[in-house]
Amino acid sequence: MQHNQPDILLAIKLRVPRPRHQLVLRSHLLEQLQEGTKQSLTLLSAPAGFGKTTLLAQWCAQSALSVAWLSLEPEDNEPVRFLSYLIAALQ
């Protein structure tokens, strides 16, 4: 079975990154993320390079919750594209 490029690109966008083996454990931030699951929405915001993806990957690996993951690029800032990707992530 041959996959076309858009299917492969979407699969990459939906894949939860694996946590790295040698990390600085930020248990207080992991605890805050876990506490956030008691709310309707938790927003993690920080400048580029501050470890958001690393932290979330680590949290996903140790959490028992189902997780929808969507990595976005600047060209995904188009409503129809974004919503189609979001729906795919939630499925």
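For the structure, check the block above.
In this convention, every chain numbers its residues from 1, walking through the sequence in written order. Given that this is a predicted model, residues contribute local features only at a pLDDT of at least 70 and side-chain atom pairs are listed and counted only at 80 or more, while totals for whole chains, interfaces and linings are drawn from all residues. With hydrogens and water excluded, all non-hydrogen atoms of the structure serve as input to the side-chain values.

K.L.:
Give a detailed account of the packing of helix α2 (residues 27–36) against helix α3 (residues 52–62), specifying residues and quantitative values.
P.N.:
Simply put, an axis is a line fit to the C-alpha atoms, just over the touching stretch for a helix, and the angle between two N-to-C directions goes from 0 to 180 degrees. The helix and strand labels rest on DSSP assignments: H or I over at least four residues marks a helix, E over at least two residues marks a strand, and numbering proceeds from the N terminus. The geometry of α2 relative to α3 is characterised by a closest axis approach of 10 Å and an angle of 65 degrees between their N-to-C directions. Along this stretch, α2 crosses α3, giving a crossing that reads as right-handed. When α2 is examined against α3, the residues Leu29, Leu30, Leu33 and Gln34 are found in contact with a partner set consisting of Leu55, Leu56, Gln58, Trp59 and Gln62. Crossing chirality is assigned from the near helix's rotation relative to the far helix, an anticlockwise turn below a right angle marking it left-handed and a clockwise turn marking it right-handed. Two residues form a contact once any of their heavy atoms are found within 4.5 Å.

K.L.:
Can you lay out the nonpolar core for me, pointing to particular residues and giving the numbers?
P.N.:
The set of buried Ala, Val, Leu, Ile, Met, Phe, Trp, Tyr and Cys residues whose side-chain atoms join them within 4.5 Å is what this entry labels a nonpolar core. When accessible area is computed with a 1.4 Å probe and restricted to protein chains, residues below 20% of their type maximum are described as buried, those above 50% as exposed, and intermediate ones as partly exposed. Residues Leu30, Leu33, Leu55, Trp59, Cys60 and Trp69 constitute the largest nonpolar core, which totals 6 residues. At the level of secondary structure, the elements contributing two or more residues to this core comprise α2 and α3. For this core, the element with the most residues is α3, which contributes 3 residues. With residues near it in sequence (within four places) discarded, Leu30 still touches Leu25, Leu55, Gln58, Trp59 and Gln62.

K.L.:
Describe the side chain of Lys13, listing the residues and the values that go with them.
P.N.:
Mapped onto the fold, Lys13 is located in helix α1 (residues 5–14). Pairs of N or O atoms are called polar contacts if they sit within 3.5 Å, as long as, within protein, a hydrogen donor faces a hydrogen acceptor (for residues adjacent in sequence, only side-chain-to-side-chain pairs). Polar side-chain contacts of Lys13 include one of 2.6 Å to the side chain of Asp76. Residues within four places of Lys13 in sequence aside, it is in contact with Trp69, Leu70, Ser71, Leu72, Glu73, Asp76 and Tyr85.

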